[in-house]
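A closer look at the structure
This is what each chain is made of:
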Amino acid sequence: MKYLVEAPSHLNATVSLPPSKSIYNRVLLLQRMIGQPLPVQPPHIADDTEVLFHALLSGGDEVNIHGSGTAMRFLTAYYAATEGEAHMLTGNARMYDRPIGQLVEALRSLGADIEYLDRQGFPPLCVRGRRLQGGEAHMPGNVSSQFISAVLMVAPLFDEGLTLRIEGPIISRSYIDLTLSLMNDYGAQAGWTAVDTIRVEPRYGTQTPSTLLAPLSEEHFNSQQRMWIESDWSAASYWYEIVALYSQPDTRLTLYGLNDGSRQGDATVRHLSSLVGVKSRFMPPVDTHLTPLQLHCVPTHMQQLSFHFINQPDLAPTFVVMCCMKGISFHFTGLGSLRYKESNRLAALLTEMRKLGFVVREDADGCLLWEGERCTAETHPTINTYDDHRMAMAFAPAAITLGSIVIDSPQVVEKSYPQFWTDLQKAGFTITPLND
C-alpha cells in the first residue's frame, strides 16, 4: 500500500502524542523485575512495546520479537538473568542483520549462557537463564546505548551487582541516563561513579514509583495501577518539522502529554527547532499531566545548521528533510549508529532525498552534509520507507513544501506512533490510499 499525503493551506491543530516508547519499554521490564503486575495494554500501543509486553506476559520457549531491536536487547539480558528458564529469541530478516555481539559478550563475561543459532554476533539466540554473580564488565560506548541499558536494568539481580566500565566515546548517553533515572525510581541504587563507570548495587525496590502514579487521559490510563507514561518527544519531532515547514505567522499547534524538563534525550528537538524558526512554550496545565505545549513560527534567517547528534540520532532524519525543504545547508555529525537501525538510515536518506532533487553527502565518519547541491527531481517520486517508521514520518511533512508526496508502506509507523496518519488527518492533511 501507498499513501498520497497532501497538506492543508494552513495549520491550527491540537495533538495528543503517544506515550514514550523509550520510557514505556523500560517500565515494562522494571515492573517485571520487581514482581509487580504489568500495566494493562493501552489502545494504539506501539508495535515495539506490544512485542515486549506480550513476551514478558506470556513467555514461551520461542519468542519472536519480529523487528523490535529494543525487545531483542532487553529480553536477551532479562532471560540471561532469569534462573531456570530457556528461551529462543527469533525475529525478522532485518533483525538477523543487526549486530548484538557486544551485548552477548558482556553478558557472557558475567556468566551468562547465550548461544548463537546462526551467524556469530547476530540473532537468533538461545538464552539459558541462570543466577549471575555479577562483578565487573566492560562495554564499548560507540554501540547501541540499549546494549548498556539492557545490562544495567538486570544488574540489581546479580549477587554482587555490577561495575560497568564503558570504553571510548559514548553515543546516546541521554538514554543511559534515562535508564538510570528510572531504575532509581524503582528502588535501585545506580549511577555514574566516574565519567566512564557506572555502579549498580544488588537490589530493587518492591513498589511502582509514585512519580508514575496519577489520574490521566484515556490514552495513558491504567485502571489497575493508574500508571502515567510521559508522551514521546521523538513523536513530537515530526510536528516540529511540520510547523517549521509552514513558516507562517498564523501557524499554531498544541501538543499534549510532554514534560518540561523531560529526561528524554529527544526533548532537544525543542531547542534545536528554535534555530530554524519554531518557538514553543509550556502553558498552564489543564490537570496534573496534561500540560499544553504551544508551537508557532517566527521569522528566521538561518542559512546553515551544524549539530552533533551523538545523543539524539533518531532526530537526524527529521532535520535532514526539514533543512533541505527550507533551503538550510547542514553539517550533521555523530550519526554512525544510523547504519544499524531498522534500516541503514544514512544510505536511505541519501537515496530518498535525491528523488526529491537534493544531493546529500555522507562521509566516512558517519556525517551527513548538504551545501545546497541539487539534482533533477523525479517527476512523481515515491518515498521508500525501508520498513523503517522514522523514514515514513520524517518524509511525510515534505508534502507541505512539495504540495504532495507518496509514502510507500505507510503502516511502518505502527512501530512507534500507530496514530500518526490519523493525527495528520485531524490536523487537516488529506491521506489517500493508493493501489500498488
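Each value, and the rule that gives it
- Residues numbered from 1 in each chain as written.
- Predicted model: local features only at pLDDT ≥ 70, side-chain atom pairs only at ≥ 80, totals over all residues.
- Heavy atoms only, no water.
- Buried < 20%, exposed > 50% of the residue type's maximum accessible area, 1.4 Å probe, protein only.
- Helix = DSSP H or I, 4+ residues; strand = E, 2+ residues; numbered from the N terminus.
- Contact = heavy atoms within 4.5 Å.
- Pairing = 2+ DSSP bridges.
- Axes fitted to C-alpha atoms, helices over the stretch in contact; angles between N-to-C directions.
- Left-handed = near helix turned anticlockwise from the far one by under 90°.
- Nonpolar A, V, L, I, M, F, W, Y, C, P; charged D, E, K, R; others polar.
- Parallel < 35°, antiparallel > 145°, perpendicular 65-115°, else oblique.
- Lys, Arg positive; Asp, Glu negative; His and termini not counted.
- Salt bridge = Lys/Arg side-chain N within 4 Å of Asp/Glu carboxyl O.
- Core = buried A, V, L, I, M, F, W, Y, C linked by side-chain atoms within 4.5 Å.

Considering helix H10 (residues 345-355)
Structurally, the α-helix is built with 3.6 residues per turn, so residues lying three or four positions apart point the same way. Those residues of H10 lying buried are Arg-345, Leu-346, Ala-348, Leu-349, Glu-352, Met-353 and Lys-355. Looking at the packing, one finds that the buried side of H10 touches helix H9 (316-326), strand E16 (361-362), strand E17 (368-370), strand E18 (382-383) and helix H11 (389-395). Among the residues trailing H10, Gly-357 stands out with phi positive, at a value near 100°.

A look at the sheet that holds strand E14 (residues 304-308)
Strand order in the open sheet formed by 4 strands is E14-E15-E17-E16, and the pairing between neighbours is mixed. Of all strands in the sheet, those with a lone pairing partner are E14 and E16, marking the two edges. Examined bridge by bridge, strand E15 (residues 329-333) and E17 share 3 bridges and lie antiparallel to one another. In the strand pairing of E17, His-331 is matched with Leu-369.

Concerning the sheet that holds strand E3 (residues 62-64)
The strand order across the open sheet formed by 4 strands is E3-E4-E6-E5, and the pairing between neighbours is mixed. Two strands close off the open sheet at either side, each with one partner strand: E3 and strand E5 (113-116). Neighbour-to-neighbour, the strand axes of this sheet turn through a mean angle of 20°, independent of strand direction. Of the strand pairs in this sheet, E3 and strand E4 (residues 86-90) are connected by 3 bridges, and their pairing is parallel.

Regarding the environment of Val-63
Tracing the chain through its elements places Val-63 in strand E3. Look at Val-63 and you get buried, because its relative accessible area is 5%. With 314 residues separating them in the primary sequence, Val-63 and Ala-377 have C-alpha atoms 44 Å apart. With residues near it in sequence (within four places) discarded, Val-63 still touches Ala-55, Leu-75, Tyr-79, His-87, Met-88, Leu-89 and Thr-90.

Some thoughts on the packing of helix H3 (residues 69-80) against helix H5 (residues 145-154)
Their axes nearest at 8 Å, the elements H3 and H5 cross at an angle of 35°. For the element pair H3 and H5, the recorded crossing hand is right-handed. Here H3 contributes Gly-69, Thr-70, Arg-73, Phe-74, Ala-77 and Tyr-78 to the contact with H5, which in turn contributes Gln-146, Phe-147, Ser-149, Ala-150, Val-151, Met-153 and Val-154. Grouping the constituent residues of the contact of H3 with H5 by class yields 8 nonpolar, 4 polar and 1 charged.

Quick look at the packing of helix H1 (residues 21-33) against H3
Between H1 and H3, the least distance of the axes is 12 Å, while the angle of their chain directions is 20°. In this view, H1 runs roughly parallel relative to H3, as classed from their interaxial angle. Seen from above, H1 lies across H3 with right-handed handedness. Seen from H1, the contacting residues are Lys-21, Asn-25, Arg-26, Leu-29, Arg-32 and Met-33; seen from H3, they are Thr-70, Phe-74 and Tyr-78. For the contact of H1 with H3, the class distribution of residues is 4 nonpolar, 2 polar and 3 charged.

Describing the side chain of Glu-241
Tracing the chain through its elements places Glu-241 in helix H7 (residues 233-246). Buried and unpaired, Glu-241 has no salt bridge, with Arg-390 as the nearest side chain of opposite charge at 10 Å.

Side note on the nonpolar core
Counting 75 residues, the largest nonpolar core has Trp-239, Leu-255 and Trp-421 as the members making the most contacts within it. A per-element tally of this core places H7 first, with 11 residues. With sequence-adjacent residues up to four places away left out, Leu-255 is seen in contact with Val-15, Leu-17, Ala-236, Trp-239, Thr-291, Pro-292, Leu-293 and Leu-295. If you look at the next biggest cluster of nonpolar residues, it comprises 67 residues, including Leu-89, Val-104, Leu-110 and Ala-150.

Description of the pattern of salt bridges
In the structure shown here, the tally under the stated rule is 22 salt bridges. Notably, a salt bridge pairs Glu-105 with Arg-108, separated by 3.1 Å at the nearest N-O pair. Placement of the pair is Glu-105 and Arg-108 together in helix H4 (residues 101-109), with a separation of 3 residues, close to one helical turn. For Arg-108, a relative accessible area of 31% gives the class partly exposed. The shortest N-O distance in the salt bridge between Asp-314 and Lys-341 comes to 3.5 Å. Of this pair, Asp-314 sits in the loop between E14 and H9 while Lys-341 sits in the loop between E15 and H10, and the two are 27 residues apart along the sequence. Residue class for Asp-314 comes out buried when judged on its relative accessible area of 12%. The network of salt bridges with shared partners includes Lys-21, Asp-48, Asp-314, Lys-341, Glu-342, Arg-345, Asp-388, Arg-390 and Lys-415.

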